[in-house]
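# Examining the three-dimensional arrangement
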Amino acid sequence: MGTSDSSKQITTLTFIGMTCALVASVRNIPDVAATGWTMLFYMLVAVLLYAFPISLISGEFAGMFPKNGGPELWVSNSLGKKWGFVVSWLLWVQMFPGMVMVASALAPLFGNIIDNVPLGLNSKFTLVVILVVYWIITFLNLKFDMAKIGGKIGVWLGLYIPLAMMLLLGIAAWVKVGIVPTGSLGKFSLEKLIPDASTAKSFVYFAPIMFIFTGIEMSSVYITRLKNPVKTYIKGIFAALVFLFFVNILNALVVANVVPKGQMELNNIAQSISIYCQILGLPHLVVNLFSLLVFVGVAVQLSAWASGPAKTVTESARKGAYPPKFKFWKTNQYDVSKAVILTQSVIISIFSLFYLLIPGVNQAFLMLVNSTTVIYCIVYVIMGIAILKLRQSHPEIPRPFKIGKKDSKSDWALWFVVILLFSSICFSVGLTMKAGTLINLIAVTIISIVLFCAPLLIEKFKKPSWEQEVVKRMKEE
C-alpha cells in the first residue's frame, strides 16, 4: 500500500499543525499550573508514556486501514464488530462529562465579561449557563451546518489568540515582578520537580494533564498522505508533542507564578489575565475582551463538537446496533440525527447537575475531567489489545508504518510501546483515585462502569431484524 498521489500529499509542517490543532486547548492551562513545578514531571510522563505510544499505535492502524472510521474501524478489524461498537459507544459517551467540563468554563468567562467574577464562580450559575448555552447549541445544530460554520472561527477565538495573549502578558508580568513567593509556583528547588507519593495533592491533577492529549490518535488519518510515512509520521508526531509540551508548560509556568497558592480556579481561564492586568497596570477592558473572545470561541467549538461523535452513533444505528424506533438512523439535510442530538443533550444536561450536587466548582470539574479521561483510557486499552492481536492474526497486511523494524518478525518493539501505554494509564488512574476524595472515587467508578457495560448489554439484546428494519425505513423515507 503506497502513499496517495502528490496532489493530495501534505507537508511535515502542515501535519504538525493539524496534530497540534486537534489537542491544543487554553482550558487545560489551569490544570497544569495547579501542580506547580511538578508540572514538568507530569507533562513529560504524559507525553512520553501516554501520548507518544497512542500516536505510534494509531499510526500503524491508520496505515493498514486508511478508510474513514478511526478507532471503531481498527478495533472491528481486529477484535470483531462487537468491540468496534463498544469503542464507538465510548467515544460518544465520553463527551457527556467532557462537554460539561468544557462548557463549565463559560460561566466564569461570562462573569468576567460583565465584571462580576463571584457570580461566574457560583455553582448554580455555572449550571444555568451550561444548560442555556448547550441547548442553544443543540437547536442551532438542528437548523444549520454548525461544524462548517464554526470550525475555523472557534479555533482562532478559542485557541490561537487566547494562548498568545496569555503567554505574552504572563511573560511581561514575570519580567516585572520575578517569581512571586506566594504564588502556586513559588521558588524553584530540585525536590519540587518530583511529586512526593506520601503527600502530593497534585496527583489529582495528573488525569486532567493526560486529558490534554486525548484525541491525538485522529492525526494518524493523514499518514497515507505523507511522502515518507514512517520517517515523516514519527518526526511530525514528535515535533507536535514537543511543541504542545512547551506551549502548555510556558503558559502554565507564568499562570502558576501569579495565582496565589491554593487559589487556582480550574474552570476560570481568565483568572490569570486579571492578575496580569493588575501587575502591568493595564485596563480591565483587556480581561473583558479576552473573556469575550474565549467565550465565543468555546461556544463555537462546542457547537462543532456536538454533531461530530453523533455521526458515529448514526452509522452504528444504520448497521442495526440500536432499536429502529429510536430513529438514531434518521438524519436531516445537514446529515445530523435529531434523535441522537436531543438524546445526548438530555444526558449532558443530567451530567451538568454535578455543579448543583457536588460542593465546590473545582471538585465537580475534577470529577468530570477524571470521568472523561478514564473512559478515553478504556478505549486506548482496547486499541492496545487490538494492535497486538492483529500482529499475530494478520501479519501479512501491508503496514506503511510499523512499530519496530519493517523487516523484523519480532514484535518486542510493539509490546514495549503497548506496555508503556498501559503502565501510564494504570499509574494515572490509580494515583488520581488515591489523591481524590471518596466522592470523586465513587462517582468516577460508577460512571465508568455504567458507560462501559451499557454497550455490552445493548449488543447482548440486539436483534438481527433491527438492521433489516432500518434499511426498510430508510428506503421509505
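Residues numbered from 1 in each chain as written. Predicted model: local features only at pLDDT ≥ 70, side-chain atom pairs only at ≥ 80, totals over all residues. Heavy atoms only, no water.

## A closer look at the overall build of the protein chain
For the protein chain, the count of helices and strands is 20 helices and zero strands. In terms of C-alpha radius of gyration, the protein chain reaches 22 Å, essentially the compact-globule figure of 23 Å for 477 residues. Along the first, second and third principal axes, the C-alpha set of the protein chain runs to 65 × 50 × 50 Å. Split into buried and exposed, the 477 residues of the protein chain put 55% on the buried side. Sequence separation of at least 24 residues holds for 81% of the intrachain contacts in the protein chain that already meet a minimum separation of 6. (Helix = DSSP H or I, 4+ residues; strand = E, 2+ residues; numbered from the N terminus. Rg over C-alpha atoms; globule rule 2.2 N^0.38 Å. Buried < 20%, exposed > 50% of the residue type's maximum accessible area, 1.4 Å probe, protein only. Contact = heavy atoms within 4.5 Å.)

## A few points about the packing of helix H5 (residues 81–93) against helix H17 (residues 361–393)
Axis separation between H5 and H17 bottoms out at 9 Å; the angle between their running directions is 155°. On the basis of their axis angle, the class for H5 and H17 is roughly antiparallel. The way H5 lies across H17 gives a crossing that is left-handed. On H17, the residues touching Trp83, Val86, Val87, Leu90, Leu91 and Val93 of H5 are Ile375, Tyr376, Ile378, Val379 and Ile382. Within the contact of H5 with H17, the residues separate by chemical class into 11 nonpolar, no polar and no charged. (Axes fitted to C-alpha atoms, helices over the stretch in contact; angles between N-to-C directions. Parallel < 35°, antiparallel > 145°, perpendicular 65-115°, else oblique. Left-handed = near helix turned anticlockwise from the far one by under 90°. Nonpolar A, V, L, I, M, F, W, Y, C, P; charged D, E, K, R; others polar.)

## So, the nonpolar core
Counting 160 residues, the largest nonpolar core has Phe61 and Phe213 as its most contacted members. The element best represented in this core is H17, accounting for 19 residues. Setting aside residues up to four positions removed in sequence, Phe213 forms contacts with Val23, Met43, Ala46, Val47, Tyr50, Ala51, Leu241, Leu244 and Tyr380. (Core = buried A, V, L, I, M, F, W, Y, C linked by side-chain atoms within 4.5 Å.)

## Here we look at the confidence of the model for the protein chain
Looking at the protein chain, pLDDT values average 87 and 94% of them are 70 or higher. Of all secondary-structure elements in the protein chain, the lowest mean pLDDT belongs to helix H10 (residues 146–177), at 82, while helix H13 (residues 271–280) reaches the highest, 96. Under a pLDDT of 50 for its full length, residues 1–6 has, in the predicted model, 13 contacts with residues more than four places off or in other chains. (pLDDT = per-residue confidence, 0-100.)

## Brief notes about helix H4 (residues 70–79)
Turning to H4, its buried residues are Gly70, Pro71, Glu72, Trp74, Val75 and Ser78. Turning to H4, the residues buried within the fold contact helix H3 (39–64), H5, helix H14 (285–318) and H17. Looking one or two residues beyond H4, the residue adopting positive phi is Gly80, at roughly 105°.

## Quick look at the side chain of Asn440
Residue placement: Asn440 occurs in helix H19 (residues 438–461). Within the local environment of Asn440, its side chain forms a polar contact with the side chain of Asn370, the two groups lying 3.5 Å apart. (Polar contact = N/O pair within 3.5 Å; in protein donor to acceptor, adjacent residues only side chain to side chain.)

## Here's the deal with the pattern of salt bridges
Scanning the entire structure with this criterion turns up seven salt bridges. In this structure, Arg399 and Glu60 form a salt bridge, with 3.1 Å as the shortest nitrogen-oxygen distance. Taken together, the residues Arg399 in the loop between H17 and helix H18 (412–435) and Glu60 in helix H3 connect sequence positions 339 residues apart. Here Arg399 matches Glu60 in class, with each residue buried. Notably, a salt bridge pairs Glu315 with Arg318, separated by 3.8 Å at the nearest N-O pair. With Glu315 and Arg318 both in helix H14, this residue pair falls three residues apart, about one helical turn. According to the relative accessible area criterion, Arg318 is partly exposed, its value standing at 23%. A single salt-bridge network, built from bridges that share partners, covers Glu60, Arg391, Arg399 and Asp411. (Salt bridge = Lys/Arg side-chain N within 4 Å of Asp/Glu carboxyl O.)

## Topic: unusual backbone geometry
Residue Asp115 is not a glycine yet carries a positive backbone phi of 60°. As for its placement among the helices and strands, Asp115 is situated in the loop between helix H7 (106–113) and helix H8 (117–120). The residue Lys327 is not glycine, and still its phi comes out positive at about 60°. Along the polypeptide, Lys327 turns up in the loop between H14 and helix H15 (338–351). For Lys327, a relative accessible area of 42% corresponds to the partly exposed category.

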